[in-house]
Amino acid sequence: MLDAGFLVVWNDIAPEVEAEYQRWHRVEHMAERMALPGFTLGRRYRDRGGSRYRYLTVYEGRSVETFRSEAYRARLAAPTPWTTRMSARMGNFIRRVCRTVASEGAAIGGAAATFRCQLADVHSRAPAAPAAELVRAVIGVDGMVGAHLGLVDAEITGMRTDEMQSRSSAGADPFNAVLIVEGDSRAVLTDRLPELRRLLAKFVVDDKAIAAQVYDLALLFQASGGRN
């Protein structure tokens, strides 16, 4: 079950520093984030065969307010030298803070699919009922172990900080919702991707604009004291 808010990041990294990027992310960056108040779980994923957005990071928070807390803003305003160096080598960077509106499934899968989409106004204004309907339908697909839908919080996402200034934005099409689906494996999620897209299509403005990608789970960090 995803917590009340989450931060999701898609990015690429220059090939010549990819090994260092993975080491930085594991040794410094995720540990640094998970030490902040309100952060409960962090996950890094990788799409080895992808041409864009090959890395995915998801941080859970006790609320969306976790991602504009004083402690988090202070950290963003004073990036470490290693963070500054790695940030400058990132490309196709997309970052969104989301308020969780529906979440089903207690397990964390070996792989995850993300869907960036534009929910229709009728669903985004009063999302509780359609969101619950969607995640229940998704979790009913064979091999799915979790489904989590979040609405983008534009105000918190839009905060500009020193750390983010050096990252190259992907210039992605606008989207107001993120669906994260966890599955048994990459093979299962890839096989079920067309079915998952069909379930999502009835809730979005344009089903052809759904951006979907499948990732393998690479790393998981849990805050001390767990997710309580």
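Residues numbered from 1 in each chain as written. Predicted model: local features only at pLDDT ≥ 70, side-chain atom pairs only at ≥ 80, totals over all residues. Heavy atoms only, no water.

Moving on, we get to the packing of helix 5 (residues 128-139) against helix 8 (residues 186-201). At their nearest, the axes of helix 5 and helix 8 sit 10 Å apart, and the two run at 165° to each other. When the axes of helix 5 and helix 8 are compared, the pair comes out roughly antiparallel. Remark: the crossing between helix 5 and helix 8 carries right-handed chirality. Residues Leu134, Ala137 and Val138 of helix 5 touch helix 8, and the partners they reach there are Leu196, Leu199 and Leu200. (Axes fitted to C-alpha atoms, helices over the stretch in contact; angles between N-to-C directions. Helix = DSSP H or I, 4+ residues; strand = E, 2+ residues; numbered from the N terminus. Parallel < 35°, antiparallel > 145°, perpendicular 65-115°, else oblique. Left-handed = near helix turned anticlockwise from the far one by under 90°. Contact = heavy atoms within 4.5 Å.)

Our next topic: the packing of aromatic side chains. Summed over all chains, the structure comprises 7 aromatic pairs. Ring geometry for phenylalanine 67 versus tyrosine 72: centroids 6.3 Å apart, planes at 80°, classification edge-to-face. Here phenylalanine 67 matches tyrosine 72 in class, with each residue buried. Members of the aromatic cluster, each reached through a chain of ring pairs, are Phe39, Tyr59, Phe67 and Tyr72. The residue whose ring lies beneath arginine 116 is tryptophan 10, and the NZ or CZ to ring-centre distance is 4.8 Å. Its guanidinium or amino end placed over the ring of phenylalanine 175, arginine 116 lies 5.9 Å from that ring's centre, counting from NZ or CZ. (Phe/Tyr/Trp six-rings, centres within 6.5 Å; stacked < 30°, edge-to-face > 60°. Buried < 20%, exposed > 50% of the residue type's maximum accessible area, 1.4 Å probe, protein only. Lys NZ or Arg CZ within 6 Å of the ring centre and 35° of its normal.)

A word on the pattern of salt bridges. One pass over the structure, following the stated rule, counts 16 salt bridges. In this structure, the salt-bridge partner of arginine 192 is aspartate 191, at a minimum N-O distance of 2.4 Å. What makes aspartate 191 exposed here is its relative accessible area of 53%. Members of the salt-bridge network, linked through shared partners, are Asp12, Glu18, Arg46 and Arg54. (Salt bridge = Lys/Arg side-chain N within 4 Å of Asp/Glu carboxyl O.)

For helix 1 (residues 18-34), with 17 residues, the first-to-last C-alpha span of 22 Å sits near the 24 Å given by 1.5 Å per residue. Taken as a whole, helix 1 has its buried residues at Glu18, Glu20, Tyr21, Trp24, His25, Glu28, His29, Met30, Glu32, Arg33 and Met34. (Expected span 1.5 Å × (residues − 1).)

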